[in-house]
Amino acid sequence: MSWLTANNHKLEYKWIGPSPDLAPTIVFLHEGLGSVAMWRDFPERLATVTGFGALIYSRTGYGNSDPLPLPRPKGFMHDEALKVLPEILESLKIRDAILFGHSDGGSIALIHAGSEKANKIRALILEAPHVFVEERSIQGIVAAKVDYENGSLRSSLERYHGANVESTFRGWNDVWLSPDFRSWNIESFLPNIEVPVLLFQGENDEYGTLKQVEAIQHGCGGLVKTVVLPDCGHDPHREFPERVLEDTDTFLNNVLNQGMKL
């Protein structure tokens, strides 16, 4: 594990494969309760398949990174996309990036790619991203709160977040359940996204419906390829790793090496 500083916070990160001057870099943006360790071996497998480098890091408040100041603002994903991520890409000299974003990480990828700071981005790989708040999202997050307070979720998360576990969970759960967050919406960023997008969505996702997929398909300014997985929940790369690896490798080979053919 290595360390970097972004937005005045110390963040843990891991690098796999070739350096940025030798190959594109897949930047992994974890889910709302994720971390470097929670990706397990998936980044290494994807880096091996594609031949690209891979950067995995834990955002502030996650894993072994610095604690998260609470309460978290409604615009926390905007801050990550427009302040923290550009600083990380610059500090590690990443020139050609593919953003692989899961859940909150997917939303962060969309905000960044639709902003004026997206000059280093070549493609997006998204799993279960949100562009607006749905009732199913709220129901899933309420269920997570019950599990955290009365079930096994806290002990499961503690293995990955250690002393950060309380601020990790509250920093995600409290802001999503706050009344102000119901109006959160990032669809205005979509028309500016011109890089190719590969989007994975589980039919049984407990945090979102296919309305998210439809909004991204219709809203993005560039090519969007969608993969809707039957019998899949919120975690395609954990539930169907071989499918996600194969589809991602094929997609990146096509759009980066063969003139953006889908």
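Structure shown above.
Rules and cut-offs
Residues numbered from 1 in each chain as written. Predicted model: local features only at pLDDT ≥ 70, side-chain atom pairs only at ≥ 80, totals over all residues. Heavy atoms only, no water. Phe/Tyr/Trp six-rings, centres within 6.5 Å; stacked < 30°, edge-to-face > 60°. Buried < 20%, exposed > 50% of the residue type's maximum accessible area, 1.4 Å probe, protein only. Lys NZ or Arg CZ within 6 Å of the ring centre and 35° of its normal. Salt bridge = Lys/Arg side-chain N within 4 Å of Asp/Glu carboxyl O. Helix = DSSP H or I, 4+ residues; strand = E, 2+ residues; numbered from the N terminus.

**Student:** Break down the packing of aromatic side chains for me, with residues and values.
**Tutor:** Tallying each qualifying case throughout the model produces twelve aromatic pairs. Centroid distance Trp176 to Trp184: 5.9 Å. Interplanar angle 55°. Geometry classified as tilted. Taking the relative accessible area as the measure of exposure, Trp184 reaches 3% and is therefore buried. The ring of Trp3 carries Lys10 above its face, with NZ or CZ at 4.6 Å from the centroid. Lying across the ring of Tyr62, Arg59 places its NZ or CZ 5.4 Å from the centre.

**Student:** Outline the pattern of salt bridges, supporting the account with residue identities and numerical values.
**Tutor:** All told, the structure shown has eleven salt bridges when counted by the stated rule. Across the pair Lys83 and Asp79 runs a salt bridge, and its minimum N-O distance is 3.6 Å. Here Lys83 and its partner Asp79 are both found in helix 2 (residues 76–91), four residues apart, which amounts to about one turn of the helix. Of the residues examined, Asp79 reaches a relative accessible area of 29% and is grouped as partly exposed. Put simply, Asp247 and Arg243 hold a salt bridge, and the shortest N to O gap is 2.6 Å. Of this pair, Asp247 and Arg243 both sit in helix 9 (residues 241–257), separated by four residues, roughly a single helical turn. For Arg243, a relative accessible area of 38% gives the class partly exposed.

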